Amino acid sequence: MLTKATLKLVKRLQQKKYRKELGLFVVEGRKSTDEFLASDFKLIHLFVSTDYKEMYPQADIASSAEFKQMSNLRTPPEILAVFEQKSYDLPTEINKSYFALDNVKDPGNLGTIIRIADWFGMEYVFCNLDTVEVYNPKVVQACMGSLGRIQVHYVDFETYFKELDCEIYGTFMEGDSIYSTKLTKPGLIVMGNESNGISAQIEELCTQKISIPQETNRPTESLNVAVASAMISSEIFRQKLTS
């Protein structure tokens, strides 16, 4: 049986203020936990059901009731871990394409974009200070372990962009088509807020506006930011292969 103090600690980590105060975060599920265990994130606690004890001999046993207390999910998995958050040195040079997320609020979108960055071999994802917190449980869940390989940096874009010597591609409805624009130069791909797009202050810093062209004139809503990120990444990869 786990102590009340341990259960209280893990439950508190569902709240942003305690994650920030304690410098810890929760990972749930076997696949994501295994990914983080294989990374250089520091493990603090590992909890498993009796079914997994032989696979994770270093873990503490937790009951179904205890998992329900600790979990952020409706159906708690039988593996849950607590890891220490990491901080990184901010890159001073940009040597290939990376996402810069301007006020992206949906945790699922951020987690999916981190997975996309991992799939296409990026090392970094940059977020402005108003983007959803990367250690939010829903972000961690959506990452599916990719956070163990991607450095996520939170920076003031207006200051940071001015310090860089690279392209700043802004994604806009009226931008140049990604299929007719050379995207192989090192640079940041700015993806905007789900409802309002890129802010006016950051738009002024973009060196080129790009877009994913729409085939018809239907009054379709703009693409989901994570879907658009995947399409742009795929086109960058295609251009590199054919250049």
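Presented here is an overview of the structure given in this document. (Residues numbered from 1 in each chain as written. Predicted model: local features only at pLDDT ≥ 70, side-chain atom pairs only at ≥ 80, totals over all residues. Heavy atoms only, no water.)

1. Here's the deal with the packing of helix 5 (residues 107-119) against helix 9 (residues 225-242)
Next up, step 1: Here helix 5 crosses helix 9 at 15 degrees, and the two axes come no closer than 9 Å. On the basis of the axis angle, helix 5 is roughly parallel to helix 9. Viewed along their axes, helix 5 and helix 9 form a crossing whose handedness is right-handed. Taken together, the residues of helix 9 that come into contact with helix 5 (itself represented by Asn 109, Thr 112, Ile 113 and Ile 116) are Val 225, Ala 226, Ser 229, Ala 230 and Ser 233.
Next up, step 2: The residue inventory of the contact of helix 5 with helix 9, partitioned by class, reads five nonpolar, four polar and no charged. (Axes fitted to C-alpha atoms, helices over the stretch in contact; angles between N-to-C directions. Helix = DSSP H or I, 4+ residues; strand = E, 2+ residues; numbered from the N terminus. Parallel < 35°, antiparallel > 145°, perpendicular 65-115°, else oblique. Left-handed = near helix turned anticlockwise from the far one by under 90°. Contact = heavy atoms within 4.5 Å. Nonpolar A, V, L, I, M, F, W, Y, C, P; charged D, E, K, R; others polar.)

2. Observations regarding unusual backbone geometry
Next up, step 1: Phi angles above zero are rare outside glycine, and Asn 103 is one such case at about 65 degrees.
Next up, step 2: Along the chain, Asn 103 turns up in the loop between strand 5 (97-101) and helix 5.

3. Some words on the side chain of Glu 28
Next up, step 1: Here Glu 28 lies in strand 1 (residues 24-28).
Next up, step 2: Of the side chains bearing the opposite charge, Arg 19 lies closest to the buried Glu 28, which forms no salt bridge; the N-O distance is 9.8 Å.
Next up, step 3: Separated by 2.6 Å, the side chains of Glu 28 and Ser 71 make a polar contact.
Next up, step 4: At 2.8 Å, the side chain of Glu 28 forms a polar contact with the backbone nitrogen of Asn 72. (Buried < 20%, exposed > 50% of the residue type's maximum accessible area, 1.4 Å probe, protein only. Lys, Arg positive; Asp, Glu negative; His and termini not counted. Salt bridge = Lys/Arg side-chain N within 4 Å of Asp/Glu carboxyl O. Polar contact = N/O pair within 3.5 Å; in protein donor to acceptor, adjacent residues only side chain to side chain.)

4. Observations concerning the nonpolar core
Next up, step 1: Core analysis: the biggest nonpolar cluster contains 60 residues, and Phe 99, Leu 101, Ile 114, Phe 126, Leu 147, Phe 161 and Leu 188 have the highest contact counts within it.
Next up, step 2: Sequence-distant contacts of Phe 99, that is, excluding residues within four places in its chain, are made with Ile 113, Ile 116, Ala 117, Met 122, Val 125, Phe 126, Ile 189, Met 191, Ser 229 and Ser 233.
Next up, step 3: With 12 residues, the next largest nonpolar core counts Leu 7, Val 26, Ala 62 and Val 82 among its residues. (Core = buried A, V, L, I, M, F, W, Y, C linked by side-chain atoms within 4.5 Å.)

5. Looking at the sheet that holds strand 3 (residues 60-61)
Next up, step 1: Read across the sheet, four strands follow the order 1-4-2-3 without closing on themselves; strand pairing throughout is mixed. With partners counted over all chains shown, the strands left at the sheet margins are strand 1 and strand 3, one partner each.
Next up, step 2: Relative to strand 3, strand 2 (residues 43-48) runs parallel, the two sharing two bridges. Bridge pairing links Val 48 to Ile 61 in strand 3.
Next up, step 3: Packed on one face of the sheet, helix 1 (residues 4-12) meets strand 1, strand 2 and strand 4 (79-84) and runs near 105 degrees to strand 2. (Pairing = 2+ DSSP bridges.)

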